[in-house]
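# What the coordinates show
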Amino acid sequence: MSKDTVISVKNLKKYFQVYHKEPGLKGSIKSLWSRKYEVIKAVDDISFEIKQGEMVGFIGQNGAGKTTTLKVLSGLLYPTSGQVRVLGFNPWDRKSEFQKQFALVMGQKNQLWWDLPAMETFLLNKAIYEIPDKQFQATLDRLIDLLDIRDILDIQVRKLSLGQRMKAELVAALLHNPKVLFLDEPTIGLDVVMQKILRDFIKQYNKEFKATIILTSHYMDDVKELCERAIIIDKGRKIFDGKLQNIIDKYARNKILSLVFSKEVKEKDLKTFGQIKEFAQDGSAYTATLLVPRKTATVQAGKILNKLPVQDLNIEEPPIEAIIREVFGDAKNTPVK
Amino acid sequence: MKSLRKYWSLLKISWETGLVYRVNILLWRFRQFLLTLMSLTLWTVIFGSADEVFSYTNAQMITYIFVASVAQSIILATALNGLARTVYTGELSNVLVKPVSVYLYLAAQDVADKLKNFGFIIFESLGLYLIFQPPLVIPSAAIATLFVLWLIGGAVLNFLITLLFGAIGFWSPDIWGPRFLFFMIVSFTAGNLYPLDILPEVLTRVLFLTPFPYFAYMQSQLFLGRIDSSETLLHSAVLAFWIVVFAIIVKIVWGRGIRSYSAQGH
C-alpha cells in the first residue's frame, strides 16, 4: 500500500441471506412455517486501491454490488471477509476521527430533517461534527454560492423540488469538509440541467479540497465526465479497473460507420463490408449504419468510398453504454485484471 | 462539553419537529386525557356510596389513579415507537455514519418527546384536578426526590425496552405484533387503571417478578406514602437491577443487530 493510498480494499466479500417467498397468498401462508433461504454474494472478492484526490466511478447494473461496497467503506456493513482501510481506519470500528473525515451521500434517501428547513439540519451537523463557527460559516457560504440555494434555506425540506433537495443534501454532507466522499447515485431522477450543475459542483469540490471521491451512477455521462478511472462491478465481482478509455480499447470490437448515399444502394452490396445495423432507403434519404471490425475499419471505409455513391461518411467509437451493455451481457464475465 | 452540545442540538431539533404537527399533538394528548378521565370516572362509579373498596378509600383511589396516570405519561411517552421501521428501512444509516453515539442520539429524541408531553401533562392534570378534586398528599422533600429518581428510572427502563423492540427491525419487518402485545400488557400491569395490590396475591407476586410495576404503580405508591421507608431501598435496588439487566441485553442485541444490519435501500 503506497503512502498516498486513501482507500484500500483486499479480497472483500459481503454475503447476505435472503428468503424466497412463493408468489401469492398461498406462498405467504406457506412462508409462515417453511422458508427457503439463499445466500446472495453481493460483493464477491473485490480488491482495489484508491489514491488521494482520485475520482473513481463505480459502474454496474442494479444489484451489482456497488452500493454494498460503499456501505462497507462507510462502516455501515460488516464485511463477511476481507480487509478494508479508509484513511488508515477500519471503517467498521466507526471511530469519530474517521467519521469526521468522510461523507456518504445517497441520492435515493436523505439525511435532511423532512419537516424542517434545511438550515436546521446544517446547524445540527455543525454541532455533530463539532465544526468551529468560523469554518462553518465560511464553508456554508461557499457551498451555498456554488449551488445557488440561498433562497431556499428557510423552506421546509418536504416542500423543495428533488433538485433543490439534492443540492441541500450535498451541502449537509460537505459542511465538515470531508476528505473522502462516497456518492451513491447523486444525480438520480434529476433533469439534464440539474445533473450538469451537480457534476460541475462535484468536479469543483474534488479540485478545491483534493477530496477522494467514489461515485456510483446509472448515468454514464456522470462517470464519463467526472472520472478518469472506472471500476466495473458485475454480480459482485470486479470485471474492469482502469481508465475509462481503456474499456473502449479492450471491449469495443467494432467501430460504427455512418453512411449517407447520394443514390439508392442495395442491401446485399453493403453486407459485404460489415454488419448492417440500420438501413433506410426511402424517398430522398439513403442512409445506413454499419458495424465494422475495429482493425479493418479504415480499410473498409476506403473500399466503400470507392465502390458506392457515398455523400458522407463518419467513423465513430461505439457509445460506452453499448460497450458496457455488451460486457455485462457476456454470460461468462471472467474477472479482468 | 462539545460532545454534549451535539445532543442538546439534537434535542432541540427533535422538539421542533415534534411541534410541526399541532393537530397531531393535540389529538394524542386528548387521547391520554380521555384514558385518565375514563379510569377516574369508572372508579367514582364503582365506589358509589361505599366508603372502602379493596382496602382503598374513595379519596385514596382517586388520588392513586391521578398520580399513576401522570407518572405513566412521563415514563411511557416515547418518540421511538417507529424505531424498528427506522432500522428496517435503513434510515438508521444516517445516524451510524455520523460521529455520534446511536444510543444517545435516540435518547435525545426520547427526552425531547417527554419534555413536549410534560408541558401538556401539567395542563391536563390541572383540568382533572379541578374536576375530581382528589386529596393530594404533599410528600416530604426526600420522598419527592426519590419519586423523581424513580420516574427517571422508569423512563430509562422503558427506553431500553423500546430499543429492544426497535432491534427487531434488524431482522424482520414484523414489528407491530410484539409491540402491540407489549402495549396491552403494560396497560394491564403498570397500574394506571387500578392499583396492582387489588389483584389476587399470586398475580401480584408474579407481576413483581417483572419490571412492569415500575412503569407507574411503584412511583405512585411512593408518592402517596404507601411504601415503608425500609422498602424504598429494596425497590430502588430492584429498579436499578432491571435497568442494568436490560442495558446489558440491549448492548448485546444491538451489537449483533448492527453486525447483521443490511442498511436496506439506504
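Residues numbered from 1 in each chain as written. Chains lettered and ligands numbered in written order. Predicted model: local features only at pLDDT ≥ 70, side-chain atom pairs only at ≥ 80, totals over all residues. Heavy atoms only, no water.

### Some thoughts on the overall build of chain B
Broken down by element type, chain B carries 11 helices and two strands. Along the chain direction, N to C, the helices and strands of chain B fall in the order α-α-β-β-α-α-α-α-α-α-α-α-α. Here the C-alpha atoms of chain B give a radius of gyration of 20 Å, agreeing with the 18 Å that 2.2 N^0.38 yields for 266 residues. Dimensions of chain B, computed from the C-alpha atoms along their principal axes, are close to 60 × 40 × 40 Å. Out of the 266 residues in chain B, the part that is buried amounts to 48%. When the accessible area of chain B is evaluated, it comes to approximately 13100 Å², of which 72% is carbon and sulfur surface. (Helix = DSSP H or I, 4+ residues; strand = E, 2+ residues; numbered from the N terminus. Rg over C-alpha atoms; globule rule 2.2 N^0.38 Å. Buried < 20%, exposed > 50% of the residue type's maximum accessible area, 1.4 Å probe, protein only. Areas by Shrake-Rupley, 256 points an atom, 1.4 Å probe, with all protein chains shown as cover.)

### Structural notes on the domain arrangement of chain A
When the domains of chain A are assigned, the result is domain 1 (5–249) and domain 2 (253–316). If you average the C-alpha positions of domain 1 of chain A and of domain 2 of chain A, the two centres end up 44 Å apart. (Domains from an automatic or database assignment.)

### Considering the sheet that holds strand 11 (residues 275–282) of chain A
Residues and elements named next belong to chain A. Spatial strand order, 11-12-10-13: four strands in an open sheet with antiparallel pairing. Whereas interior strands pair on both sides, the edge strands pair on one side only; in this sheet they are strand 11 and strand 13 (310–316). Along the sheet, successive strands turn relative to each other by an average axial angle of 15°, direction set aside. Pairing of strand 10 (residues 254–261) with strand 12 (residues 285–293) involves seven bridges; the strand directions are antiparallel. Its bridge partner lying in strand 12, Lys-255 is registered against Val-292. (Pairing = 2+ DSSP bridges. Axes fitted to C-alpha atoms, helices over the stretch in contact; angles between N-to-C directions.)

### Here we look at the nonpolar core
Within soluble globular proteins, side chains that are nonpolar tend to cluster in buried spots. Within the largest apolar cluster, 162 residues are counted, with the highest numbers of intra-cluster contacts made by Ile-7, Phe-48, Leu-73, Phe-122 and Phe-182 of chain A together with Phe-215 and Trp-254 of chain B. If one sorts the elements of this core by residue count, helix 7 (residues 141–167) of chain B sits on top with 11 residues. Dropping the residues within four chain positions of it, Phe-215 of chain B is found in contact with Gln-72, Ile-75, Leu-76, Gly-154, Leu-157, Asn-158, Ile-161, Phe-182, Val-186 and Ala-190 of chain B. (Core = buried A, V, L, I, M, F, W, Y, C linked by side-chain atoms within 4.5 Å. Contact = heavy atoms within 4.5 Å.)

### Some remarks on the interface of chain A and chain B
Chain A puts 31 residues into the contact, and the matching count from chain B is 29 residues. Considering only the side of chain A, the residues that lose the most area to chain B are Leu-76, Trp-113 and Ile-128 of chain A, jointly responsible for 22% of the buried surface there. Across the contact surface, chain A and chain B share one salt bridge. Between Lys-6 of chain B and Glu-130 of chain A there is a salt bridge, and its shortest N-O distance comes to 3.1 Å. Summed over the shared surface of chain A and chain B, the number is six residue pairs in polar contact (both at pLDDT 80 or more). (Buried area = accessible area lost by both parts, 1.4 Å probe. Salt bridge = Lys/Arg side-chain N within 4 Å of Asp/Glu carboxyl O. Polar contact = N/O pair within 3.5 Å; in protein donor to acceptor, adjacent residues only side chain to side chain.)

### Here we look at helix 11 (residues 229–259) of chain B
The terminal C-alpha atoms of helix 11 of chain B, which comprises 31 residues, lie 46 Å apart, in line with the 45 Å expected from a rise of 1.5 Å per residue. Buried residues of helix 11 of chain B: Thr-232, His-235, Leu-239, Trp-242, Phe-246, Val-250, Trp-254, Gly-257 and Ile-258 of chain B, and no others. (Expected span 1.5 Å × (residues − 1).)

### Structural notes on the packing of helix 4 (residues 118–128) of chain A against helix 5 (residues 133–147) of chain A
Residues and elements named next belong to chain A. Helix 5 packs onto helix 4 with a crossing angle of 145° between their chain directions and a minimal axis gap of 11 Å. The interaxial crossing formed by helix 4 with helix 5 has right-handed handedness. On helix 5, the residues touching Met-119, Phe-122, Leu-123 and Lys-126 of helix 4 are Asp-133, Phe-136 and Leu-140. Of the residues assigned to the contact of helix 4 with helix 5, the class counts are five nonpolar, no polar and two charged. (Left-handed = near helix turned anticlockwise from the far one by under 90°. Nonpolar A, V, L, I, M, F, W, Y, C, P; charged D, E, K, R; others polar.)

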